[in-house]
Amino acid sequence: MTDFTMEKGADGVAVITWDTRGKSMNVMTMEAWPVLDGLIDDALSDDAVRGIVITSGKAGSFAGGMDLNVIARMKEGAGDDPARGLFEGLMATHAILRKIERAGMDDRNRGGKPIAAALPGTALGIGLELPLACHRIFAADNASARIGLPEIMVGIFPGMGGTTRLVRKMGAMAAAPLLLEGKLSDPQKAKSAGVVDEVVPAGELLDRAREWVLSEPRIVKPWDERGYRMPGGAPYHPAGFMTFVGASAMVQGRTQGAFPAPKALLSAVYEGALVPFDTALRIEARWFTNILMNPSSSAMIRSLFISKEALEKGANRPDAPDQRVRKLGVLGAGMMGAGIALVAAQAGIEVVLIDQNQEAAERGRSHAADYMDEGIKRGKATEELKAEVLGRINATTDLAALKGCDLIVEAVFEDMTVKAEATKAALAQAGADCIFATNTSTLPISDLARASDKPDQFIGIHFFSPVERMMLVEIIKGRETGPRAVAKALDFVRQIRKTPIVVNDARFFYANRCIIPISTRGYAWWPRAWRRR
Amino acid sequence: MTDAFIYDAVRTPRGRGRKDGALHEVTSLALSVGVLNALKERNGLEGHAVEDVIWGNATQVGEQGGCLARTAVLASDLDEAIPGLAINRFCASGLEAVNLAANQVRGGAGEGYIAGGVEMMGRVAMGSDGAAIAVDPSVAMKHYFVPQGISADIIATQYGFSREDADALAVQSQRRAAKAWEEGRFARSIIPVRDVNGLVILDRDEHMRPETDMQSLGALKPSFKDMGEVMPGFDAVAKLKYPHLERIEHIHHAGNSSGIVDGAAGVLVGSKAFGETWGLTPRARIRQTARIGTDPTIMLTGPVPATQRALADAGMEIADIDLFEVNEAFSAVVLRFCQAFEVDQARVNVNGGAIALGHPLGATGAMILGTLLDEMERADKATGLATLCVASGMGAATIIERV
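Here, residues in each chain are numbered from 1, in the same order as that chain's written sequence. A letter from A marks each chain and a number from 1 marks each ligand, given out in the order of writing. Side-chain atom pairs in this predicted model are given and counted only at pLDDT of 80 or more, local residue features only at pLDDT of at least 70, and totals for whole chains, interfaces and linings cover all residues.

So, about the overall build of chain B. Secondary structure is summarised from DSSP: a helix means a run of H or I of at least four residues, a strand means a run of E of at least two, and numbering begins at the N terminus for each. A tally of regular secondary structure across chain B gives 15 helices and twelve strands. Note that the radius of gyration is over C-alpha atoms, with the globule rule given as 2.2 Å times the number of residues to the power 0.38. Its C-alpha atoms give chain B a radius of gyration of 20 Å, near enough to 22 Å, the size a compact globule of 403 residues would have. Counting only C-alpha atoms and orienting by the principal axes, one finds that chain B spans roughly 60 × 45 × 45 Å. Taking all contacts inside chain B whose residues are at least 6 apart in sequence as the whole, residues at least 24 apart take part in 83%. Placing C-beta atoms from the backbone, we regard two residues as in contact once those atoms come within 7 Å.

Quick look at the structure:
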């Protein structure tokens with residue numbers, strides 16, 4: 001059993017089905033490429049085959065992309081001269097995709113067999129780069145499908161022809177949001193943007209693709225036609241000039257010049273736009289090799305994809321029964337407390353938001369109202385949703401309302417005494433099993449835990465401001481923090497869909513331990529830099 | 001070392017660089033030829049009289065491409081033995097042509113040169129020759145490329161020039177240029193542009209707006225605010241290079257920046273022996289030349305280090321210079337020059353500058369050198385310095401002294 005299989009129909013259409021073993025969604029592996037290549041050779045050389053449809057064996061999706069674990073390790077597997085190994089490997093991939101695109105045509109664009117891609121749903125990364133090499137892309141009308149090239153989000157860029165083909169298909173300006181921001185669209189939007197060619201009812205997907213393949217369509221890509229001009233203009237065309245001037249400025253402004261991948265992507269686009277298509281693919285491969293050789297890409301893949309996904313799925317979670325939070329207590333309705341209450345209520349958790357006077361508690365609850373109003377204004381929320389979220393937040397001064405809470409998060413003033421008093425008062429009302437967490441950013445957890453007579457049920461859950469937008473949450477283990485407290489914190493963070501890291505109770509924990517030295521060095525360096533100007 | 005002298009300097013009037021500008025019907029070649037022929041006739045040059053024609057031009061594409069210098073020599077009345085060299089130092093091309101000619105003479109490579117330049121900005125659009133520094137991400141991002149207008153606004157922000165400072169300089173430029181024309185101060189240099197039949201097409205600078213005042217300028221919107229703050233957001237790039245600037249103040253607009261015009265200018269440069277051969281009297285000695293590279297993001301601060309270098313090499317101090325021509329590419333460039341050297345504006349651009357008269361990129365350097373020399377003679381001053389800021393972060397300067 002291989003990832004790609006082919007079935008030749010009596011009508012002369014060979015259907016190649018992609019079905020990665022042991023995965024719910026197709027991902028491309030190094031082993032799968034030669035299989036695909038062999039099937040294409042077979043179909044192109046078989047006189048009984050009139051055309052090819054490439055589709056997926058997974059219901060509702062075409063492919064999730066390249067296996068990022070593979071990309072992260074490509075450099076290690078590329079031999080003694082890794083840059084050469086990577087470059088040659090990429091060129092071999094380009095050769096397969098280019099074979100699909102040329103489909104047996106001669107150098108005067110005669111002959112060839114039509115190849116259609118039929119996407120049942122989500123098509124990301126190489127899952128879109130492969131269809132882009134085909135002659136027509138059919139997408140099932142599946143509103144939950146996501147189509148795009150998200151590579152830039154993990155420190156690389158579409159390096160298997162996606163960059164070169166998309167820019168030539170749509171123009172640099174139109175391709176920019178897809179390439180530079182990794183923007184994903186549903187099939188209808190992808191069609192209006194010009195990424196896919198046809199959106200058809202899911203049940204008709206294969207038939208429509210077959211029908212097209214048998215209709216003797218013209219299959220020459222615009223860039224393989226004589227006199228091709230890039231939509232929107234190449235860099236030294238008056239309109240293209242402005243696009244390219246602006247692209248560097250926008251990328252630099254938005255990324256503060258910090259990320260190598262968008263720079264490499266832009267260079268691949270610029271240099272590629274000035275030369276014939278096959279040369280452009282070679283340039284793309286050179287820049288992609290450059291990015292794979294840059295340690296930032298493997299580090300970003302590791303942190304932003306592999307580790308992040310593992311953490312969000314519960315890596316580091318101690319073995320403990322389900323600790324999902326049903327009722328959350330929040331002490332202190334200031335900026336942090338109000339934010340924590342909001343994200344918990346959005347996740348369907350009942351919240352008791354406590355402050356010293358009713359007015360302050362209400363102010364904390366009104367933060368959630370303002371946030372939901374903003375969402376309604378942008379069309380991302382409804383009045384009903386707002387009412388539901390607000391209905392889950394009980395803003396009160398009454399500590400007795402904490403009864404039944406299985407997690408209490410304390411977000412009061414950063415002072416040992418104040419925090420100890422709040423902790424004691426709250427625990428007096430809470431049940432024996434309640435886990436107590438402090439949102440402190442700097443005070444040692446083990447010291448704060450002294451306010452509790454069950455230090456194994458005491459833990460740090462450190463949010464960042466603004467809570468609604470900051471994805472990272474630090475979970476800090478005190479000296480005596482027990483496994484159930486850690487599991488509770490992790491299950492809570494998963495409920496509110498943030499990214500947890502579990503750290504020990506060291507000075508400033510993790511994030512501030514990184515940030516504070518950076519800013520301190522910056523302040524120290526700045527006057528010297530200023531004098532040098 | 002042989003001294004290099006200026007024997008003559010001529011320029012065309014500057015036409016508005018638009019489709020309805022008076023010179024729009026004239027080719028870059030014809031305008032260049034007019035200048036070359038004028039220098040030949042006025043000085044009685046015959047045959048292989050000069051070693052070369054060094055011709056500056058910023059946008060060397062289309063009719064301004066293909067080594068216009070050589071084409072212009074062939075189309076002119078000059079001998080075909082004179083070759084022709086096209087050069088590009090952007091806005092300082094015309095001055096750089098003179099500097100190169102002077103240094104060739106000083107070094108003994110020939111006795112005489114014609115040096116100058118042309119730019120028909122209404123016919124060959126600025127930037128139409130492309131520029132990797134603007135569009136190739138590998139260099140644009142590395143060097144924080146921003147367009148010149150943003151650079152001028154960075155200068156204003158960095159060195160504290162207000163919109164009022166810039167507008168006041170613009171009003172002064174207009175008043176001085178109008179007065180110079182009234183009093184015939186450009187008369188010696190101006191060669192009217194004529195058609196094939198000898199009919200005059202333009203004999204006076206066309207871009208001037210003598211009625212300009214602070215109020216009329218105040219109504220103009222800043223030209224570079226949108227591209228800086230909105231699309232594509234060059235201010236963010238500028239602030240990466242100049243992180244201590246909290247924001248960029250956008251003070252420049254069409255009225256306090258140089259005008260887009262068509263024009264050409266030429267200078268006859270030669271040794272003492274050259275003058276003797278042709279019976280010419282030297283008007284000034286080219287005392288020192290300088291060129292320099294600077295930060296390409298703020299880009300337009302080159303006149304300060306170029307001037308410092310020229311002065312140091314000449315063993316002079318700023319106080320030794322009687323008159324200055326500092327190209328008015330943008331108000332802030334001139335304001336910065338005066339601030340850096342503590343020079344009174346009474347000694348700078350006394351007959352107006354490019355804000356009033358226009359800035360035909362490749363020609364301006366030769367034009368302002370001629371204007372400087374005319375004024376030194378009229379006001380009986382001994383020394384003068386001409387300098388220009390240059391795209392991509394460069395500067396050029398020339399010191400001349402009367403003989």
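A tally of helices and strands in chain A yields 19 helices and 19 strands. Restricting the contact set of chain A to residue pairs at least 6 apart, pairs at least 24 apart contribute 71%.

Now for the sheet that holds strand β11 (residues 198-200) of chain A. Hydrogen bonds along the backbone pair up the strands of a sheet, which may run parallel or antiparallel. Residue and element names in this part refer to chain A. For two strands to be treated as a pair, DSSP must find at least two bridges joining them. With mixed pairing, six strands are arranged side by side in an open sheet as β1-β2-β4-β7-β9-β11. Unpaired on one side and paired on the other, β1 (4-8) and β11 mark the two borders of the sheet. Strand-to-strand, the axes of this sheet are offset by a mean angle of 25 degrees, without reference to chain direction. When strand β4 (residues 51-56) meets strand β7 (residues 115-119), the two strands line up parallel, connected through three bridges. Residue pairing for β7: I54 is matched across the bridge by A117. Whenever a helix is involved, its axis is fitted only over the stretch in contact; in every case the axis is a line through C-alpha atoms, and angles between N-to-C directions fall within 0 to 180 degrees.

With that settled, the discussion passes to the nonpolar core. Linking buried Ala, Val, Leu, Ile, Met, Phe, Trp, Tyr and Cys residues through C-beta atoms within 7 Å yields a set, and such a set is a nonpolar core. With C-beta atoms placed from the backbone, a residue is buried if 20 or more other C-beta atoms are within 10 Å of its own, exposed if 12 or fewer are, and partly exposed between those counts. Core analysis: the largest hydrophobic core is formed by 234 residues, its most contacted members being B:A115, B:V269 and B:V333. No other element matches helix α15 (residues 361-378) of chain B, which puts nine residues into this core. Setting aside residues no more than four positions away along its own chain, B:V269 makes contact with B:A4, B:I6, B:V98, B:A101, B:A102, B:V105, B:G112, B:Y113 and B:A115. Membership of the second largest hydrophobic core comes to 61 residues, among which are A:A344, A:L402, A:I408 and A:A437.

This next bit is on the domain arrangement of chain A. As used throughout, domain bounds are those supplied by an automatic or database domain assignment. The domain architecture assigned to chain A consists of domain 1 (4-304) and domain 2 (327-514). On a C-alpha basis, the centres of domain 1 of chain A and domain 2 of chain A stand 44 Å from each other.

The partner chain A presents 18 residues to the 17 residues of chain B that form the contact. Elements that contribute at least two residues to the side of chain B that touches chain A include exactly α4 (132-135), α5 (137-140) and α10 (234-241) of chain B. No other element matches the four residues that α10(B) contributes to the side of chain B that touches chain A. Here the residues of the side of chain B that touches chain A are counted per class, giving twelve nonpolar, four polar and one charged. The classification used treats Ala, Val, Leu, Ile, Met, Phe, Trp, Tyr, Cys and Pro as nonpolar, Asp, Glu, Lys and Arg as charged, and all other residues, Gly among them, as polar.

That bond from A:S465 to A:P466 is cis: its omega, -5 degrees, falls within 30 degrees of zero. Note that A:P466 resides in the loop between β17 (458-462) and β18 (472-477). Its identity is not glycine, yet A:A103 carries a phi of approximately 50 degrees, on the positive side. Among the secondary structure elements, A:A103 is positioned in the loop between α3 (82-102) and β7. By C-beta crowding, A:A103 is classed as buried, having 22 other C-beta atoms within 10 Å. At B:S392, a residue that is not glycine, the phi angle is positive and equals roughly 65 degrees. As for its position among the elements, B:S392 is in the loop between β11 (383-390) and β12 (394-402). Residue classification places B:S392 among the partly exposed residues on the basis of 18 C-beta atoms within 10 Å.

Right, let's talk about helix α12 (residues 303-314) of chain B for a bit. Residue and element names in this part refer to chain B. Expected span of a helix, by definition, is 1.5 Å for each gap between consecutive residues, and there is one gap fewer than residues. Here α12 contains twelve residues, and its C-alpha end-to-end distance of 16 Å stays within 8% of the 16 Å for a straight helix at 1.5 Å per residue. Taken together, the buried positions of α12 are P303, V304, A306, T307, A310 and L311. Projected down its long axis, α12 shows its buried positions confined to an angular sector of 165 degrees, all on one face. One or two steps after α12, the chain reaches G315, where phi turns positive at roughly 65 degrees. Each direction from the helix axis to a C-beta atom contributes to the arc, which is the arc of those directions.

This part is about the packing of helix α6 (residues 148-159) of chain B against helix α13 (residues 331-341) of chain B. Residue and element names in this part refer to chain B. Between α6 and α13, the least distance of the axes is 9 Å, while the angle of their chain directions is 35 degrees. Here α6 runs over α13; the crossing is left-handed. Across the interface between the two elements, A152, I155, A156 and Y159 from α6 touch A332, V333, R336 and Q339 from α13. Residues that form the contact of α6 with α13 fall into these classes: six nonpolar, one polar and one charged. By definition, any crossing whose near helix is turned counterclockwise from its far helix by less than a right angle is left-handed, and any crossing with a clockwise turn is right-handed.

A few words now on the sheet that holds strand β10 (residues 147-148) of chain A. Residue and element names in this part refer to chain A. Pairing is parallel in the open sheet, where three strands are placed in the order β5-β8-β10. Edge strands, defined here as strands with exactly one partner in the open sheet, are β5 (61-63) and β10. The pairing of strand β8 (residues 122-124) with β10 spans two bridges and is classified as parallel. Across the sheet, residue L124 finds its bridge partner in β10, namely G148.

An α-helical segment advances 3.6 residues per turn. Residues three or four places apart therefore align on the same side. Residues and elements named next belong to chain B. End to end, helix α1 (residues 28-43) covers 23 Å across 16 residues, agreeing with the expected 22 Å (1.5 Å per residue, within 8%). In terms of burial, α1 is a largely internal element, twelve of the 16 residues being buried. The set of residues buried in α1 consists of S28, A30, L31, S32, V33, G34, V35, L36, A38, L39, K40 and N43. Positioned one or two residues after α1, G44 has a phi angle of 60 degrees, which is positive.

Within a regular beta strand, the side chains point alternately toward one face of the sheet and then the other, so they alternate between its two faces. Residue and element names in this part refer to chain B. Covered by surrounding structure in strand β10 (residues 323-326) are L323 and E325 together with F324 and V326, the residues of both alternating faces. Both β10 and β11 contribute to a ladder of four bridges, which runs parallel. Following the sheet pairing, E325 is matched in β11 by A386.

Moving on: the confidence of the model for chain B. With 100% of its residues at a pLDDT of at least 70, chain B reaches an overall mean of 97. The ipTM value of the predicted complex is 0.92, and its pTM value is 0.88. The predictor rates its confidence in each residue with pLDDT, a number between 0 and 100.

Below, the discussion takes up the packing of helix α6 (residues 172-180) of chain A against helix α9 (residues 238-255) of chain A. Residue and element names in this part refer to chain A. In the contact formed by α6 and α9, the axes pass within 10 Å of each other and the chain directions differ by 20 degrees. Considering the angle they form, α6 stands roughly parallel to α9. When you trace α6 past α9, the crossing you get is right-handed. Together, A172, M173, A176 and L180 of α6 and G240, T243, F244, A247 and V251 of α9 make up the contact between the two elements. Its residues assigned to classes, the contact of α6 with α9 comprises seven nonpolar, two polar and no charged. In this scheme, roughly parallel covers angles under 35 degrees and roughly antiparallel covers those over 145, while 65 to 115 is roughly perpendicular and the rest are oblique.

Quick look at the pairing of strand β16 (residues 435-438) of chain A now. All names here are of chain A. Taking every second residue as pointing to the same face, both faces of β16 are buried, with I435 and A437 on one and F436 and T438 on the other. Of the strand pairs in this sheet, strand β15 (residues 407-410) and β16 are connected by four bridges, and their pairing is parallel. Within β16, the residue paired with E410 across the bridge is T438. When the strands point away from the viewer, a crossover counts as right-handed if the path from the first strand over the helix to the second runs clockwise. At this point the chain moves from β15, through helix α16 (residues 416-429), to the parallel β16, and the crossover so formed is right-handed. With three bridges joining them, β16 and β17 adopt parallel strand pairing. For A437, the partnering residue across the bridge sits in β17 and is I459.

What follows covers the environment of B:S331. Residues and elements named next belong to chain B. Take S331: it is sitting in helix α13. With 30 C-beta atoms packed within 10 Å, S331 lands in the buried category. Contacts of S331, omitting those with residues within four sequence positions, involve A166, L169, A170, H252, N256 and I355.

The next subject is the environment of A:F305. Residues and elements named next belong to chain A. Structurally, F305 can be placed in helix α12 (residues 295-312). Using a count of 18 C-beta atoms within 10 Å as the deciding quantity, one classes F305 as partly exposed. Considering only alpha carbons, one finds F305 and K377, 72 residues apart in sequence, at a separation of 32 Å. Once you skip the residues sitting within four places of it in the chain, F305 turns out to touch L68 and V154.

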